[in-house]
Amino acid sequence: MSDDLDRKLESKIEKILIDKQHRGKIFDGFDKNKTLNDVLDKPTMMTLYDMINDEIISYVNGVIKAGKESVVFWAVDKNKNDVALKVYLVSTSNFKKRSQYLIGDPRFSRIKKGTRNIVYLWARKEFTNLNQCYEKNIPVVKPIHVSKNVLAMEFMGKNGVPEKRLLESEIEYSDYEESIELIRRFYQEANLVHGDFSEYNIFKTSDGLVAFDLGSAVDIEHPNSKTFLERDINNITKFFVRRGLTIPNPLDVINEVTK
Ligand SMILES: Nc1ncnc2c1ncn2[C@@H]1O[C@H](COP(=O)(O)OP(=O)(O)OP(=O)(O)O)[C@@H](O)[C@H]1O
Ligand SMILES: [Mg+2]
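A quick note: this is a predicted structure, and the numbers were derived from the prediction, not measured.

Criteria and cut-off values
Residues numbered from 1 in each chain as written. Chains lettered and ligands numbered in written order. Predicted model: local features only at pLDDT ≥ 70, side-chain atom pairs only at ≥ 80, totals over all residues. Heavy atoms only, no water. Salt bridge = Lys/Arg side-chain N within 4 Å of Asp/Glu carboxyl O. Buried < 20%, exposed > 50% of the residue type's maximum accessible area, 1.4 Å probe, protein only. Helix = DSSP H or I, 4+ residues; strand = E, 2+ residues; numbered from the N terminus. Phe/Tyr/Trp six-rings, centres within 6.5 Å; stacked < 30°, edge-to-face > 60°. Pairing = 2+ DSSP bridges. Axes fitted to C-alpha atoms, helices over the stretch in contact; angles between N-to-C directions.

(A) Region of interest: the pattern of salt bridges. Applying the stated criterion across every chain, the model contains 15 salt bridges. In this structure, K68 and E69 form a salt bridge, with 3.9 Å as the shortest nitrogen-oxygen distance. Exposure remark for E69: the relative accessible area of 11% places this residue in the buried category. One salt bridge connects D213 with K86, and the closest N-O pair in it is separated by 2.9 Å. You can see D213 sitting in the loop between β10 (208-211) and β11 (218-219) and its partner K86 sitting in strand β3 (residues 82-88), a full 127 residues away along the chain. In the salt-bridge network here, residues are joined through shared partners; they are K68, E69, K97 and R98.

Have a look at this one:
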């Protein structure tokens, strides 16, 4: 989707949520909310509602980012901690794109048919991938909960504004080294290849780099894991080269990571 459409969708959802917020009834009486239902279908609204009842969140505050296949919301829990909710949209799910990261991963050998099931599996896969890294103290966004197509995670940022990604940050050589260290630890400690590792999916925080968007990450036993790893290293190398750094040859890096 173009940035323009993204922005339109974003402001549309934002408006609905803010209107509701002013009435103090966020996601209450959502049945009447036709426009929001156009973006989030009824089962998704029910899932959000269940998450409120289960006290995973208290309310939803606004939209962080609306993309074609997912919308990320800023929610708040009962202790007033910010929570990020990534809602995978069932209506625009691209099975062709995702299947290559599902089929062949030994952890997800049982794939139920049907778009909805595949979207749910995808959300669970992102949650599992985050957990596998988080348990090893690899700096990724902390996973909180997954339910159907909704993934709850620690909110990275302040007042609903996300941390800057590498893309929007000033870069030093140590960012390159940290990036490669992330890829190495994904591989060696979490047995994973990110699969979508780029300046778009890494926050640069005052405590260092934090990776996110792990839906595409595959087990290293996946038949294409090496290809995905090479692509991850090539992509991040290109980014740092564009930013004017002199970077080691990706081929040597791949050997280092898999050694
Ligand atoms: N935990 C979080 N805390 C704060 N902001 C977040 C968080 N997760 C995601 N975001 C924001 O939402 C944006 C989109 O998130 P993400 O990259 O996971 O989705 P996506 O790019 O739509 O996914 P995909 O690449 O699978 O289409 C991020 O660029 C970031 O600004
Ligand atoms: Mg992303």
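(B) Seen up close, the packing of aromatic side chains. Counted by the stated rule, this structure contains 8 aromatic pairs. Pairing Y101 with F228 gives two aromatic rings, centres 4.8 Å apart and planes at 35°, and the pair type is tilted. Taken together, the residues span a long stretch of sequence, with Y101 in helix α4 (residues 95-102) and F228 in helix α7 (residues 225-242) at a distance of 127 residues. Across this residue pair, the class does not change: Y101 and F228 are buried. Aromatic pair F239 and F240: ring centres 5.1 Å apart, planes at 65°, arrangement edge-to-face. F239 gets classed as buried once you look at its relative accessible area, which sits at 2%. Grouped by ring-pair contacts, the aromatic residues Y173, Y176, F239 and F240 constitute a single cluster.

(C) Focus on the sheet that holds strand β5 (residues 150-154). The sheet built from 5 strands is open, its strands ordered β1-β2-β3-β5-β4 with antiparallel pairing. This sheet does not close on itself; its edge strands, each paired only once, are β1 (59-66) and β4 (143-147). Strand-to-strand twist across the sheet, computed as the mean angle between neighbouring axes with direction ignored, equals 25°.

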